[in-house]
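Observations on the three-dimensional arrangement
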Amino acid sequence: MNLGVAIFPTHDAIGPADVARLAEERGHESLFFPEHTHIPASRETPYPGGRALPRKYVHTFDLFVAVTAALTATRKLRVGSGVCLVIERDPIITAKEVASVDFLSGGRFEFGVGAGWNREEMANHGTDPRVRMAVMRERVEAMKAIWTSDEASYSGSHVSFDRIWSWPKPAQRPHPPVLVGGHGPGVLDRVLAFGDAWFPNHAPAGIIDRAKELRARAGRPVGLMVMGVPADPRVLEAYAEAGFTRAVHWLPSAPRGPVERALDEFEAAVAEFTGN
């Protein structure tokens, strides 16, 4: 099982390039950044964490700026979105950004996608929260058409364009892996419809059982990855035994010292898990 880390890349924490170099130097396979374009100052949607919204949500760099900095600073590290809120993005522009970073990095980009939880945030981007899952599917499908066709077109209820040219194409063929985030009631349907892998947040119960259901339904290879694992060798072992191919641990949005200490703690758990 590959092991990676994730961080909210804030302007007052270790920089995206520096944390990427640190992760690569210490042997981690991947690095993921989340996305929030903004946080509405007046918000009724409750934070899923069940407490006050952490300040890091308001202070993050743009996702693709952070990704580019991390990819430019490294040679082997896979860098991805964990996750890109495609329901808040123009699909033609996003397809161009994904293809560009994947091409320039030699095929090291992982495209995690999700619909998000903040209804006011998505509404500010013109997306009706009630149809956000349908919007996400169409935007991902439209991007796949752009990546894989010399002359792409798409016709849907929420996305529509006729015969466009867009280069570069991604270095990875047919396109970077689409990792579908979330663990709501319909997430397995979304993975089967347009995903290459399921990339839920770690939860104490349910994820492994649903992963078995996903594989039983798939009829094709579907990857299993998990975001937000604790520094616990028993948790890592459980995911590895269930067939997960990647586990990602959150780092604090902090200067280098606290980040290094968090890496030490996670790597100690990894060493116990691997027996090294």
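Refer to the preceding data block for the structure.
Residues numbered from 1 in each chain as written. Predicted model: local features only at pLDDT ≥ 70, side-chain atom pairs only at ≥ 80, totals over all residues. Heavy atoms only, no water.

**Thoughts on the overall build of the chain**
Basically, it comes down to this: Under the DSSP-based scheme used, a helix requires at least four consecutive residues in state H or I and a strand at least two consecutive residues in state E, with every element numbered from the N terminus. The atom set for the radius of gyration is the C-alpha atoms, and the globule formula is 2.2 Å times the number of residues raised to the power 0.38. Only protein chains enter the accessibility calculation, which uses a 1.4 Å probe; a residue whose area is less than 20% of its type maximum is buried, one above 50% is exposed, and one in between is partly exposed. Residue contacts are counted whenever heavy atoms from the two residues lie within 4.5 Å of one another. Computed by Shrake-Rupley with a 1.4 Å probe, the accessible areas treat only the displayed protein chains as cover when residues are assessed. The charge count includes Lys and Arg as positive and Asp and Glu as negative, but it does not include His or the ends of the chains. For this purpose, a charge sits on NZ of Lys, CZ of Arg, CG of Asp or CD of Glu.
Across its full length, the chain holds nine helices and 10 strands. By the compact-globule yardstick of 19 Å for 276 residues, the chain fits well, its C-alpha radius of gyration being 18 Å. Its C-alpha atoms give the chain principal-axis dimensions of roughly 55 × 45 × 40 Å. Looking at the chain as a whole, 53% of its 276 residues are labelled buried. Taking all contacts inside the chain whose residues are at least 6 apart in sequence as the whole, residues at least 24 apart take part in 69%. Surface summary for the chain: the accessible area is close to 12,500 Å², and the carbon and sulfur share equals 51%. Considering the chain, the positive charge centre built from 31 side chains and the negative charge centre built from 33 side chains are found 1 Å apart.

**Observations concerning the pattern of salt bridges**
What counts, and what does not: Think of a salt bridge as a Lys or Arg side-chain nitrogen and an Asp or Glu carboxyl oxygen that are within 4 Å of each other.
By the definition in use, this model includes 16 salt bridges. Arginine 26 is the partner of glutamate 267 in a salt bridge, and the nearest nitrogen-oxygen pair spans 2.7 Å. Placement of glutamate 267 in helix H9 (residues 256–274) and of arginine 26 in the loop between helix H1 (16–25) and strand E2 (30–33) is noted, with a sequence separation of 241 residues between them. Classification of glutamate 267 by relative accessible area gives partly exposed; the value is 21%. Since its relative accessible area comes to 27%, arginine 26 is described here as partly exposed. Taking the shortest distance from any N to any O, the salt bridge between glutamate 29 and arginine 246 comes out at 2.7 Å. Linking glutamate 29 in the loop between H1 and E2 with arginine 246 in strand E10 (residues 246–250), this pair joins segments that are 217 residues apart in sequence.

**Some details on the environment of phenylalanine 273**
Inspection of the secondary structure assignment puts phenylalanine 273 in helix H9. By relative accessible area, which is 24% here, phenylalanine 273 ends up partly exposed. On a C-alpha basis, the gap between phenylalanine 273 and leucine 236 in space is 6.8 Å, while along the polypeptide they are 37 residues apart. In this view, phenylalanine 273 contacts Met1, Pro233, Leu236, Glu237 and Ala240; residues no more than four positions away in its chain are not counted.

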